[in-house]
Amino acid sequence: MDVSEVIIVSEIRIGDHPILDFSGGKEVTFTFEGEELTGYEGEPIAAALHAAGVRILRYSNELGRPRGFFCAIGNCSECMMRVDGESNVRTCIEPLREGMHVERQEGKGDLSARM
Ligand code: FES
């Protein structure tokens, strides 16, 4: 990670808010596409990825177009990723935990993994 990316990461997290508390919590390590990243335990996976500069969370089903945060409340499917081998996890509402393996998924993901 170069210096310009570090600056972006520090600017994207909300540190001070008049109503909400974003104290962060325990820092945890997880992997994205095999690269080790850090985030805060319990924050949405997509938020940790966003803070690390990752904007593309998956690729659309038919045209393979890049997709990222859209509703951020679990109502659409734009943030679905493969997490610890399970496809179609809505990462905008899935809490980050130590050691998670997160990958982008293409299309509908591997549906056989749920059976
Ligand atoms: S961004 Fe819509 S479900 Fe996650």
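This structure is a prediction, so every number in the text was calculated from the model and none was measured. (Residues numbered from 1 in each chain as written. Predicted model: local features only at pLDDT ≥ 70, side-chain atom pairs only at ≥ 80, totals over all residues.)

1. Here we look at the sheet that holds strand β4 (residues 66–67)
Stage number 1. Reading across from one edge, β4-β3-β8 is the order of the three strands in this open sheet, with mixed pairing throughout. The open sheet has two free edges, formed respectively by β4 and β8 (105–106), since each of these has just one partner strand.
Stage number 2. Pairing between strand β3 (residues 58–59) and β8: two bridges, direction parallel. If you follow R58 over to β8, its bridge partner there is Q105. (Pairing = 2+ DSSP bridges. Helix = DSSP H or I, 4+ residues; strand = E, 2+ residues; numbered from the N terminus.)

2. Quick look at unusual backbone geometry
Stage number 1. Phi at A72 is positive, roughly 65°, even though this residue is not glycine.
Stage number 2. Among the secondary structure elements, A72 is positioned in the loop between β4 and β5 (80–83).
Stage number 3. The phi torsion at D84 lies on the positive side, around 50°, for a residue other than glycine.
Stage number 4. With respect to the helices and strands, D84 occurs in the loop between β5 and β6 (86–90).
Stage number 5. By C-beta crowding, D84 is classed as partly exposed, having 13 other C-beta atoms within 10 Å. (Buried ≥ 20, exposed ≤ 12 C-beta atoms within 10 Å, placed from the backbone.)

3. A short note on the confidence of the model for the protein chain
Stage number 1. Chain-level pLDDT for the protein chain is 86 on average; 88% of the residues reach the 70-or-more range.
Stage number 2. Here residues 1–9 scores under 50 on pLDDT; set against residues more than four positions off or in separate chains, the count is six contacts. (pLDDT = per-residue confidence, 0-100. Contact = placed C-beta atoms within 7 Å.)

4. Let's talk about the nonpolar core
Stage number 1. Counting 17 residues, the largest nonpolar core has I45, M81 and V102 as its most contacted members.
Stage number 2. Sorting the residues of this core by element identifies β1 (27–32), α2 (45–51) and β5 as the ones contributing at least two each.
Stage number 3. A total of four residues in this core trace back to one element, the largest contributor, which is α2.
Stage number 4. Aside from chain neighbours lying at most four places away, what touches I45 is V83, T91, E94, L96, M100 and V102. (Core = buried A, V, L, I, M, F, W, Y, C linked by C-beta atoms within 7 Å.)

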